[in-house]
Amino acid sequence: DYSLTALAADTGYDAAELARWVRAVERKGQAVFYGPPGTGKTFVAQKLAAHLAGGGDGLIELVQFHPAYAYEDFMQGIRPFTTPTGALTYDMVDGRFRQFCRHAQQRQGTSVFIIDEINRANVAAVFGELMYLLEYRDQDIPLAGGGRFRIPANVRLIGTMNTADRSIALVDFALRRRFHFFRFAADPDLFDRWLARQPSAVPYLGALYRRLATEAVDDPDFAIGPAVFMRELDEARLARLWRRSVMPYLEEYYFDQPARARLWAWEG
């Protein structure tokens, strides 16, 4: 079992807010966590999955989408195989999600499938018939490659979406209708709560991150999340981290305004 109290302690989010997320996922069956990099979307998705599946015999699995990810990888597709005699055969094989659903169907507890970086793939092409089933979960439909499929009642989906790669404004409206969306922001207050539990050797770290989160980047979809600083740091390590992670990001963001990036140089 993984309680809501433990979930709140591990993530730094308010238990009442997390309870609303849990109810939303249970009601809809699927949700997307979206926001700029370093805001803990994948971490919280895994922790929330542990809470949803906790106390039962359910499964948790994670897959990361990328531009080459296809329907054949996710739902079903033809794959080549070599027989013991050396002959080449082409068989219809279940993709990752259909395999997951087959195993989840044999369980009683809630099973959670996490899709990391869901917006890096062509979601409509990867999902195929799943777009229909996400809206009508009580039905089953024939698949293009043969056979029928339905999402087991105990399966939940959680996706994560990095808004620095693709704005949520570009998300297919059909996808929006099928998922609940929860925004993750670059939150200095969340970082302060983490620092309260993990005192830092750098006394000004909380104030420094607050300035970085609120002043460095104009667009909140490109803000720098606190995860990069959630580690054991002294001033020397912080300086290296700033030069190697923070400054390259700001230089890329302000590629056409290098003077603005230089305002945040560590030496300054």
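Check the entry above for the structure.
Report follows, based on the coordinates. Counting of residues starts from 1 at the beginning of each chain's written sequence and follows it residue by residue. Local features in a predicted model are, by the rule used here, given only for residues with pLDDT of at least 70; side-chain atom pairs are given and counted only at 80 or more, and totals for whole chains, interfaces and linings are based on all residues. Values reported for side chains reflect all heavy atoms of the structure, with hydrogen atoms and water molecules removed beforehand.

Description of unusual backbone geometry
Piece 1. In this model, Glu-117 sits at a positive phi of 55 degrees, which is unusual for a non-glycine residue.
Piece 2. With respect to the helices and strands, the residue Glu-117 is situated in the loop between strand E5 (111–116) and helix H6 (123–127). Numbering of helices and strands runs from the N terminus; a helix is a DSSP stretch of H or I covering at least four residues, while a strand is a stretch of E covering at least two.

As for the packing of helix H1 (residues 4–11) against helix H3 (residues 41–53)
Piece 1. Between N-to-C directions, angles cover 0 to 180 degrees, with each direction set by a line fitted to C-alpha atoms, over the stretch in contact for helices. Between H1 and H3, the least distance of the axes is 10 Å, while the angle of their chain directions is 170 degrees. Judged by the angle between their axes, H1 and H3 are roughly antiparallel. Here H1 and H3 pass one another in a crossing that is right-handed. Contacts from Leu-4, Leu-7, Asp-10 and Thr-11 in H1 reach Phe-43, Val-44, Lys-47, Leu-48 and His-51 in H3.
Piece 2. Only Asp, Glu, Lys and Arg are considered charged in this grouping, and only Ala, Val, Leu, Ile, Met, Phe, Trp, Tyr, Cys and Pro are considered nonpolar; every other residue, Gly among them, is considered polar. Among the residues forming the contact of H1 with H3, the class breakdown is 5 nonpolar, 2 polar and 2 charged. Roughly parallel means an angle under 35 degrees; roughly antiparallel, over 145; roughly perpendicular, 65 to 115; everything else is oblique. In this scheme the crossing of two helices becomes right-handed for a clockwise turn of the near helix relative to the far one and left-handed for an anticlockwise turn of less than a right angle. Note on definitions: a residue-residue contact is assigned when non-hydrogen atoms from the two residues lie within 4.5 Å.

Overview of a nonpolar patch on the surface
Piece 1. A cluster of nonpolar side chains, contributed by Ile-78, Leu-88, Tyr-90 and Met-92, occupies part of the molecular surface with about 440 Å² of accessible area.
Piece 2. Top contributing element to the nonpolar patch by residue count: strand E4 (residues 88–94), with 3 residues. Residues with no salt bridge and a relative accessible area higher than 30% make up the patches, which join like charges within 9 Å and nonpolar side chains (Val, Leu, Ile, Met, Phe, Trp, Tyr) within 5 Å. Computed by Shrake-Rupley with a 1.4 Å probe, the accessible areas treat only the displayed protein chains as cover when residues are assessed. Take a side-chain nitrogen of Lys or Arg and a carboxyl oxygen of Asp or Glu: if they are within 4 Å of each other, that pair is a salt bridge.

A closer look at the nonpolar core
Piece 1. Residue types Ala, Val, Leu, Ile, Met, Phe, Trp, Tyr and Cys, when buried and joined through side-chain atoms within 4.5 Å, form a set referred to as a nonpolar core. Buried, partly exposed and exposed residues are distinguished by accessible area as a fraction of the type maximum, computed with a 1.4 Å probe on protein chains only: under 20%, between the cut-offs, and over 50%, respectively. In terms of nonpolar packing, the biggest core is built from 33 residues, with Phe-65, Phe-74, Phe-97, Ile-115, Phe-127, Leu-130 and Phe-149 touching the most fellow members.
Piece 2. When residues of this core are traced back to their parent elements, those giving at least two are strand E1 (30–35), helix H4 (71–74), helix H5 (96–104), E5, H6, helix H7 (130–135) and strand E8 (155–162).
Piece 3. Excluding its chain neighbours within four sequence positions, the residues that come into contact with Ile-115 are Val-63, Phe-65, Phe-74, Phe-127, Leu-157, Ile-158, Gly-159 and Thr-160.
Piece 4. In terms of nonpolar packing, the next biggest core, distinct from the first, is built from 24 residues, Tyr-209, Val-228, Phe-229 and Leu-241 among them.

Examining H5
Piece 1. Turning to H5, its buried residues number three or more, namely Phe-97, Arg-98, Phe-100, Cys-101 and Ala-104. What you see down the axis of H5 is that its buried residues fit within an arc of 160 degrees, all on one side. This arc is built from the directions going out from the helix axis to the C-beta atoms.

Comments concerning the pairing of E4
Piece 1. In the sheet, strand E3 (residues 76–82) pairs with E4 via 7 bridges, with the strands oriented antiparallel. Considered in E4, the bridge of Phe-81 is made with Thr-89.
Piece 2. The hairpin turn running from E3 into E4, its antiparallel successor, is 5 residues long, and Gly-86 in that turn takes a positive phi close to 95 degrees. In this scheme, strands are said to pair when DSSP sees at least two bridges between them.

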